[in-house]
Amino acid sequence: MLLAVRDLTVALPIGGRLVPIVESVSFTLGAREILGIVGESGSGKSVTSLAIMGLIDVPGARISGSVRFRGRELVGLAPRAYRALRGREIAMIFQDPMTAFTPVYTVGRQIDEQIRAHQKISRSDARARTVRLLGDMGVPDPERVAGRYPHQLSGGLRQRAMIAMALSCNPALLIADEPTTALDVTVQAQILDLLRGLRRDYGSSVLLITHDMGVVAETCDRTLVLYSGLVAERGPTGALFAQPGHPYTAALLDSIPPLHGPRPARLPSIPGSPPAPAGRPAGCPFAPRCAYVHDSCAVRPPLVACGEQDVACVLPAEGRPLPPRFVAEMSA
Amino acid sequence: MTYRVGRGQVLRALDGVSLAVRPGEVLGLVGESGCGKSTLGRCLLRLVQPSGGRVVFDGTDITMLPERRLRPLRQDMQMVFQDSYAALNPRRRVGDLVAEPLRVHPAPSGGRRSRGEIAARLAELMDLVGLPQTALERYPHEFSGGQRQRINIARALALSPRLVVADEPVAALDVSIQAQIVNLFMDLRDRLGLTYVFVAHDLAVVRQISTRVAVMYLGAIVELGEADAVLHHPAHPYTAALIAAVPEPVVRTQGLPPPLRGDVPSPIAPPPGCRFHTRCPVVRERCRVDPPLLRALPDGRDVACHYPLVEERAGP
Amino acid sequence: MVMSVLRRLGQTLFVLFGISVLVFLVFFATPGADPTARIAGRNASPETMARVRVEYGFDRPLPVQYARMMEKLFVTRDLTSYVNRGQKVVPEILEAAPVTVSLVSGAALIWVVLSVAMGVTAAALRGGWVDRGLMMLGLVGISIPVFWLGQVVNLVTQSRYHDSWLFSWVPGLGYVPLTEDPLGWFRALALPWLTLAVLFVGIYSRVLRADLVAVQSEDFMRTARAKGLSPMRVLLVHGLRTSMITFVSLFGLDFAQLVGGGALLTEVVFGLQGVGRLTYQALSNLDLPLIMATVMYSAVFVVIANAVVDMLYLFLDPRVRDGR
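Starting from 1, residues in each chain are numbered consecutively following that chain's sequence as written. For naming, the first written chain is A and the first written ligand is 1, with later ones following in the order written. With the structure being a predicted model, the display of local features is reserved for residues of pLDDT at least 70 and the display and counting of side-chain atom pairs for 80 or more, all residues being used for whole-chain, interface and lining totals. To obtain the side-chain values, all non-hydrogen atoms of the structure were included, while hydrogens and water were left out.

1. Thoughts on the packing of helix H3 (residues 46–56) of chain C against helix H4 (residues 62–75) of chain C
Residues and elements named next belong to chain C. Orientation is described by axes fitted as lines to C-alpha atoms, over the contacting stretch for helices, and by angles from 0 to 180 degrees between their N-to-C directions. Each helix is a run of H or I in the DSSP string that is no shorter than four residues. Each strand is a run of E no shorter than two, and both are numbered from the N terminus. In the contact formed by H3 and H4, the axes pass within 9 Å of each other and the chain directions differ by 95°. With respect to H4, the element H3 is oriented roughly perpendicular. Two secondary-structure elements touch here, H3 through Val54, Glu55 and Tyr56 and H4 through Gln65, Arg68, Met69 and Lys72. Note on residue classes: Ala, Val, Leu, Ile, Met, Phe, Trp, Tyr, Cys and Pro are nonpolar, Asp, Glu, Lys and Arg are charged, and everything else, Gly too, is polar. Class assignment for the residues of the contact of H3 with H4 results in 3 nonpolar, 1 polar and 3 charged. Every angle not falling under 35 degrees, over 145, or within 65 to 115 is termed oblique; those three ranges are roughly parallel, roughly antiparallel and roughly perpendicular. The contact criterion used throughout is that any non-hydrogen atoms of two residues lie within 4.5 Å.

Pasting the structure below:
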């Protein structure tokens, strides 16, 4: 197992007390696998990824649980050892490639910098590798692009450069935090295509963080659904989308307007909005918005197996799992 | 519509766009960033001054109308923006924000509205957008994004406009909240007989709400027609590519279509001929030199393509 | 890049022209006041008045007066003070300028080096006692009035402890030209430099620390950390350069106003005959030609310094180069 996260809890100080933003999140990621972490804003998906990267530097933050990467425990790892890992074995790309590059240096220089931070290699050799990487990422005229400043490139090119930088040291794990959210839909399709190709060409595993169920469906082998800092459901993407086990997953999928088939007169929507971390209910966090809420939801449900998935809901155990999802046929 | 950018270059945000919004319809404007959909939406309300062409609202040419004569017409056309927080002054109560247009514009009878009239209208508006009456006494930051967008909608509706231009009103919202707001837009249209111009980049949202759709690319409309016709049987290769690129929450058994290549060219120097020819998967020689005009197809839609993807004989 | 530099130079010349017209109008075209009497000084004889009127062309139209004035300032350089009995004004300024420039440049070097060191150290050790200590020190530097600090320095080094081994190298008050005796120049200015720099070290280190802390939350700083760079490299290579923008614009303005006469108090305390002191004398004597000349001189410096700051922006931020 490349990455095994167990009971990861991240608590940040808010208003003088420690509030758990992410609670008891567990999942595993195998070699050459793409795992999607989906959730709405405030679900804790970005915090989870930053905790794995060791990039949570809020004073007073507390991280507990276990993150094992290639058998090595990362929670509590010494800063120097973490630094040697970051960028070399675990790399990360971010949502907005415009603000994620330092504006005052050329893109090539920033990629060279990462290569030279981890390997003893000459400037010109590093640049040669940068240009080759940019070319591999489908950047036209990579030599010229390497000499440009971030603001001089289009959004798609910037994100390709960002991915080139992340892959520059052949990391075993790539964490992509909303990598296509700032991009146009036709460019998004290109970048997702690129990410899917990485495991073939580079043997990388990818942890894809997104709010977009469509992106997950088209990209990920397995999926983890977060709601209000807790795992709602996890399992193989195909099974999870065909027969979601958690009412939240089902409702989330239903509320997406379909692009094909008949148009619903009204979109099935979820009433209300997710609780803030400090005001999370003691029982199931989704209970106040759930159509199936009943007495036993007052106790926080553990993850239980339901079909091919694990679901944090009492319904499967009570013998009345959700029905399979109706999916309109797509016109080819 | 042209903008001047640095060094004397001219950015043509919109280039010779013609379209009519029919009363009672929902016209969706879709396209990627830089296609001019937001600029077009603002031109309709004359929030930006077009550098050429005409905007006619309800028989009145408003293109050159002085601001003083435009003001009474502004009551009939309102706008809702993407960023629900930036659109609301954080230091003022929701009640004051929603009441502002009521205080600024005279009542239909001519005089100013009384306090009682305004209070009654505010109560009515809160019911309309699904907010509790207590919301009027609170400040914008106390609300979630979806509720703030409801406040913005209430403010836009205060003067009972006939036309509402909504610029990416749900783009910043989470999916579960987005569905609530899309439903609200649809309910309000049915109840109040509104006409919408709905600007969005999300094809699925546009399909859900629109009766007609205009697809834009680099400052021009490439396809315009009934929503179902355009989105189910696209005639323009760009429309088809756009639809194919939308990731859908369905696990497909067969492979995905190859994505469109390249980026949107810079609107400062759009390509000659058909603007889409640099990325078009079915480009032919003629497309590189001869810019196609928007023309009607037998099935009633307009398309700007020499070689549309649907049959040119009378449609089914 | 070359175009933007040239364009900036053109703007600079235009601004200078505007300032000269403005200064001229304020002094010589104020309604209800006869500039002749003001230039000739108090209780001037009718003959002097007549001579001044002809010399400055006060009987001719305003544009001619302006041209005459600029000619006297920049071409013939024979603008003469009547209050001070025929003293030529322009040479007087040219003599005072090197003193002020020496004083301010040295102080600037000290304050830039010290404040960058303090600001970076404080930001790197944010929240710790070193950070708090350095920022407290900066605040103390800001609160100490420069004339008081100068007097104390003089008291200690010139009289009480002058004979001790520590301060025996300090020469008497006054300026030694660099061209005559470089070591003497350095010795004479070392303490004035430090005294003048204290205030600015305080301000600049605090500004830089604040900017460095603010830049920490930028996305690109997170990227830099995700690349596995050391915290020092992240701070210096990625943070410092982007934080220098406020620093540089502050520096341009402060440097210019000091060279233009703002170092008056330091000059007075250390007996340096600089531009600030000259301006002060001109003001107390109501010596109109001298005031006019010093105002023009300092305007030139402020405008040139602004132009230099803009050029530095071009270097620091590639986005400015492309006109974004």
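2. Some details on the packing of aromatic side chains
In summary, the pairing rule links any two rings of Phe, Tyr or Trp, Trp by its six-membered ring, whose centres are within 6.5 Å, and it sorts them by plane angle into stacked for under 30 degrees, edge-to-face for over 60 and tilted for everything else. Inspection of the entire model under this criterion finds 19 aromatic pairs over all chains. Centroid distance B:Tyr217 to B:Phe276: 5.2 Å. Interplanar angle 85°. Geometry classified as edge-to-face. Placement of B:Tyr217 in strand S9 (residues 212–217) and of B:Phe276 in the loop between helix H9 (237–245) and strand S11 (295–296) is noted, with a sequence separation of 59 residues between them. Each member of the pair, B:Tyr217 as well as B:Phe276, is classed as buried. Judged by centre distance (6.2 Å) and plane angle (90°), the ring pair of C:Phe17 and C:Tyr66 falls under edge-to-face. Remark: C:Tyr66 occurs in helix H4 and C:Phe17 occurs in helix H1 (residues 2–28); sequence separation between them is 49 residues. Exposed residues in this analysis have more than 50% of their type's maximum accessible area, buried residues have under 20%, and partly exposed residues fall in between, with area computed by a 1.4 Å probe over protein chains only. Residue C:Phe17 is classed as partly exposed on the basis of its relative accessible area, which comes to 47%. Assessed through its relative accessible area of 17%, C:Tyr66 is described here as buried.

3. Description of the domain arrangement of chain B
Residues and elements named next belong to chain B. In terms of domain boundaries, chain B breaks down into domain 1 (2–210) and domain 2 (216–303). The start and end points of each domain follow an automatic or database-based domain assignment. For domain 1 versus domain 2, the distance between C-alpha centres works out to 28 Å. Taken together, the 24 residues of domain 1 in the interface contact 21 residues of domain 2. Note: buried area is the sum, over both parts, of the accessible area (probe 1.4 Å) each one loses when the two are combined. Interface area, domain 1 with domain 2, both sides summed: about 1,700 Å², of which 64% is carbon and sulfur. When the buried area of domain 1 at its contact with domain 2 is split by residue, Glu32, Leu203 and Arg207 rank highest and sum to 33% of it. Salt bridges are defined by distance alone: a side-chain nitrogen of Lys or Arg within 4 Å of a carboxyl oxygen of Asp or Glu. Counting across the interface, domain 1 meets domain 2 through 1 salt bridge. Ionic pairing is found between Glu32 and Arg279, a salt bridge with its closest N-O pair at 3.7 Å. N or O atoms within 3.5 Å of each other form a polar contact, as long as, within protein, one can give a hydrogen and the other can take it, and as long as residues adjacent in sequence are counted only when both atoms are side-chain atoms. Between the two partners, domain 1 and domain 2, sit 4 residue pairs in polar contact (both at pLDDT 80 or more). Partitioning the side of domain 1 that touches domain 2 into residue classes produces 12 nonpolar, 6 polar and 6 charged.

4. Things to note about the sheet that holds strand S9 (residues 222–227) of chain A
Residue and element names in this part refer to chain A. When DSSP finds at least two bridges between two strands, those strands are taken to pair. Pairing is mixed across the open sheet formed by 8 strands, whose spatial order is S6-S7-S8-S3-S9-S10-S12-S11. Since the sheet does not close on itself, it has two edges, and those belong to strand S6 (90–93) and strand S11 (304–306), each with one partner. Sheet twist, expressed as the mean angle between neighbouring strand axes with direction ignored, is 20°.

5. With respect to the environment of A:Val19
All names here are of chain A. Among the secondary structure elements, Val19 is positioned in strand S2 (residues 17–29). With a relative accessible area of 2%, Val19 lands in the buried category. Between the C-alpha atoms of Val19 and Cys297, which are 278 residues apart in sequence, the distance is 22 Å. Those residues in contact with Val19 that lie beyond four places of it in its chain are Val10, Ala11, Leu12, Ile14, Pro277 and Ala278.

6. Focus: the confidence of the model for chain C
Should the pLDDT be low somewhere, the predicted coordinates at that spot are not to be read in detail. Confidence of the prediction at every residue is given by pLDDT, a number between 0 and 100. Confidence in the prediction of chain C, expressed as mean pLDDT, is 85, and 97% of residues score 70 or more. Overall fold confidence (pTM) sits at 0.85, and the ipTM for the predicted complex is 0.87.

7. Some words on helix H4 (residues 115–129) of chain B
Residue and element names in this part refer to chain B. In this analysis, the expected span of each helix is defined as 1.5 Å times one less than the number of residues it contains. The end-to-end C-alpha distance of H4 is 21 Å, a good match for the 21 Å that 15 residues give at a rise of 1.5 Å each. Turning to H4, its buried residues are Ile118, Arg121, Leu122, Leu125, Met126, Leu128 and Val129. Looking straight down H4, one finds that the buried residues subtend no more than 155° of arc, so they occupy a single side. Contacts made by the buried residues of H4 are with helix H3 (94–104), helix H5 (145–157) and helix H6 (175–192). After H4 finishes, the residue Gly130 shows a positive phi value of roughly 75°. In this description, one arc is meant: the one made by directions from the helix axis to the C-beta atoms.

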